[in-house]
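Analysis of the macromolecular model
Take a look at the letters that make up each chain.
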Amino acid sequence: MPDQITITLPDGTRQSFPRGVTGHEIAASISGGLARQALAVKVDDQVWDLHRPITKDARVQILTWNDPEGRQTFWHSSAHLMAEALEALYPGVKFGIGPAIEQGFYYDVDLGGRKIGPEDLAAIEAKMQELARQDNRYVRREVPKDEAVAYFREKGDEYKLELLEDLRDGEITFYTQGGFTDLCRGPHIPSTRPIKAVKLTNIAGAYWRGDERRPQLTRIYGITFPKQKELDEYLERLELARQRDHRKLGRELELFTFSNKVGPGLPMWLPKGAVLRETLMNFLKEEQLKRGYQPVVTPHIGRLELYRTSGHYPYYKDSQFPPMLLREEGDDGEEEGYLLKPMNCPHHTQIYADKLHSFRDLPVRLAEFGTVYRFEQSGELGGLTRVRGFTQDDAHIFCTPEQVKDEFKNVIDLTLTVLRALNFDDFKAQISLRDPSDADKYIGTPEQWDAAEQAIREAAAEMGLEAVEEKGEAAFYGPKLDFMVKDALGREWQLGTVQLDYNLPERFDLTYIGSDDKRHRPVMIHRAPFGSLERFVGVLIEHCGGNFPTWLAPVQVAVLPIGQDVEAYAGDVGARLRAAGLRVEVDTRNEKVGYKIRQAEVQKVPYMLIVGQREQEEGTVAVRRHGRGNEGAVPLEAFLRRIREEMAEEQAGRRAETSAP
RNA sequence: GCCAACGUAGCUCAGCUGGUAGAGCAGCUCACUCGUAAUGAGCAGGUCACCGGUUCAAGUCCGGUCGUUGGCUCCA
């Protein structure tokens, strides 16, 4: 064996190093700065400790704080540091698992009957910082299984013992830093020193191994940074997120509300929120008409038999409101009654089945803003993003297998139109494919699936839509294309969805007559560009921080007379704008104009028109754009042209005009 | 559904180790008639989420219920 190995760096350069070289040594050979910043090293596709010897040819990348995997390693090591602090403060504490997460880390611990609350976190943080300053190295050690078992048996940590049961001898490693040793696969950063800023963010209960029959452990969440400044920035971002929280803005802007008396998870739209919602719906209705959709309307309930046929009842009984029973179990052993609809598709199949369809009729596109009710688990409810009653911008397309690709293109075009009109520039498309190793799970033939998956792929490509493919993510009844949207704070939400369905046409025995004069099975496509109006508006509020594009703003123009002597003129301005189709409020309250401006600014009204004697004499309005301040007086007609033009451009997605928050 | 924290006026929040509630904003009234982010004064507003217990006495302590939030689990 040669004593030299070849290391390939990310830029493609190859260098020879002595066998057993460490990531740290490679970093040092590149630059002293890199060696100081290095947290871990990626060897081929695995992240390793910086001081672990590399013994064969490999691709090597030095990981720093700037690499996601570097931060993960940093946070994983921070979890160990927190565990060390907990052991110091609460002797006898037992440990579950303590991984890094997207933003920070947590550790599940058993405090043995002791309780800790948010007030204890500061002490733990202080202890962590004290320990971090000791600059203790994270030392990796391979441990025989019996020795590992003996260690945790002695320590009395049954959780680690259970974890050990699943591990094979020879694959077990311990990591020790300072006085704390943990069963851990690693990797870790070289020492505790880089952990400078510590914030423990939350305490929550979590079952051991996610199993509700197992003991409940205390999960402590935290995040750490190499610099205090970065922690400060992180906390600032969190504060910003709170400012944009749709629940807070929804109340402040009077968009929606909840009432205990109505019930949890059942949102009510206030007048301003309802305007917003209707404006969105009208926009989509127009776009759908352009694309060959036909509106339909169906009732809010359906017979249980309908949902037995569709397969939704009783299979999804747990997440449905209990049925309205007319008859308990009858002779056939089945109850009879009605169900509040959890989906619109069964109703739509019956509209399709209302008449005999020729292949010449297809595709049939049935669209409805259908309100559905699902009994989400109480712990899942939250704001508008998870509710029990919501309206889907639902449509079902019945088509031939050959038409699937064009229909997907049509829907992609529609969805992109919607996203552009709302300034969602940063979205992700995901094609969910079947898991080829589990063919039995799926309805339809492999040939059908291959064709459908290929059709979706091609549709996305031809529409210029970059989509990631996820194998095994498809539903049992068909592949799908989902749109995930990031809000302004980088959180990801699934909104729009397009799903192919082989199942329902089969279950409802839907047919069309082909050119061969025989009956054929149509394919069904479920699609919803918004997904649910409720969730979509919730995400939209957070995306724009309540500063809606002008075409959507509940109040588009506030007319603010300076004194009572110009109220008549203000009223006239308001009337003319309203006649032009704008949503206008005229503020004739007996207040100073500064106060009225503040009110309109706080309510995030896009345009304020201040009118006084001067404007009245000249037939002008003094325009003030939300967040920007006074822009001077213009004739009312000029303002009307401006705002109309702006809204048209916004809807076409040509302008990303958002006023300052 | 499970765990934890929380629940005081429409909103945001005070209320120490138990001694029957307080501010700001919003609302109403009055005065001021005002030129680009809060005019002043006054008034009114609470079964302290609900139910039960401990106590001479409960917003405060204990138990339960409901709700909210954060997690866990689930999501046609």
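Refer to the preceding data block for the structure.
The following refers to the structure shown. (Residues numbered from 1 in each chain as written. Chains lettered and ligands numbered in written order. Predicted model: local features only at pLDDT ≥ 70, side-chain atom pairs only at ≥ 80, totals over all residues. Heavy atoms only, no water.)

The next subject is the layout of surface pockets. For the largest pocket, the calculated volume is near 1300 Å³. If you list the elements that add at least two residues to the lining of the largest pocket, you get strand E23 (389-399), strand E27 (492-501), helix H14 (503-507) and strand E30 (523-528). Here the lining of the largest pocket takes 5 residues from E27, the largest share from any one element. Residues that form the lining of the largest pocket fall into these classes: 14 nonpolar, 15 polar and 9 charged. (1 Å grid on protein atoms, 1.4 Å probe; cavity = no way out; pocket = protein on both sides within 12 Å on 5 of 7 lines; lining within 4 Å. Points joined across faces, edges and corners; volume = space filled by probe spheres on them. Helix = DSSP H or I, 4+ residues; strand = E, 2+ residues; numbered from the N terminus. Nonpolar A, V, L, I, M, F, W, Y, C, P; charged D, E, K, R; others polar.)

Before going further, it helps to spend a moment on the pattern of salt bridges. The full count for this structure, using the stated rule, is 43 salt bridges. Notably, a salt bridge pairs Asp245 with Arg247, separated by 2.7 Å at the nearest N-O pair. For Arg247, a relative accessible area of 44% puts it in the partly exposed group. Here Arg434 makes a salt bridge to Glu453, at a shortest N to O gap of 3.0 Å. A residue pair is termed long-range when its members are at least 10 positions apart, and Arg434 in the loop between strand E24 (427-433) and helix H13 (446-462) and Glu453 in helix H13 qualify at 19 residues. (Salt bridge = Lys/Arg side-chain N within 4 Å of Asp/Glu carboxyl O. Buried < 20%, exposed > 50% of the residue type's maximum accessible area, 1.4 Å probe, protein only.)

Evaluation of the coordinates by the stated rule reveals 24 aromatic pairs. Geometrically, the ring pair formed by Phe283 and Trp551 is tilted, given 4.8 Å between the ring centres and 50° between the ring planes. On the criterion of sequence distance, the pair formed by Phe283 in helix H9 (residues 271-290) and Trp551 in the loop between helix H15 (533-544) and strand E31 (557-561) is long-range, its members being 268 residues apart. Residue Phe283 is classed as buried on the basis of its relative accessible area of 6%. Pairing Trp449 with Tyr502 gives two aromatic rings, centres 6.2 Å apart and planes at 55°, and the pair type is tilted. Of this pair, Trp449 sits in helix H13 while Tyr502 sits in the loop between E27 and H14, placing them 53 residues apart in sequence. No difference in accessibility class separates Trp449 from Tyr502, as the two residues are buried. (Phe/Tyr/Trp six-rings, centres within 6.5 Å; stacked < 30°, edge-to-face > 60°.)

Taken together, 47 residues surround RNA strand B, and among them Asn202, Tyr207, Glu380, Arg386 and Asn590 come closest. In the interface set of RNA strand B, defined as its atoms within 4 Å of the protein, sugar plus phosphate atoms amount to 48%. Residue Gln613 places a main-chain N or O atom 3.1 Å away from a base oxygen belonging to RNA strand B. Examining the composition of the surface near RNA strand B, we find that 6 residues originate from one element, helix H17 (residues 593-602), more than from any other. (Near = heavy atom within 4 Å. Polar contact = N/O pair within 3.5 Å; in protein donor to acceptor, adjacent residues only side chain to side chain.)

Moving on to the nonpolar core. Core analysis: the largest hydrophobic core is formed by 80 residues, its most contacted members being Leu422, Leu481, Phe548 and Leu577. Among the elements that take part in this core, helix H12 (residues 404-421) stands out by supplying 9 residues, more than any other. Ignoring anything within four residues of it in the chain, the contact list for Leu577 reads Val557, Val559, Leu582, Val584, Leu609, Leu636, Phe639 and Leu640. In this structure, Ala79, Val109, Leu111 and Leu231 belong to the second largest nonpolar core, which totals 38 residues. (Core = buried A, V, L, I, M, F, W, Y, C linked by side-chain atoms within 4.5 Å. Contact = heavy atoms within 4.5 Å.)

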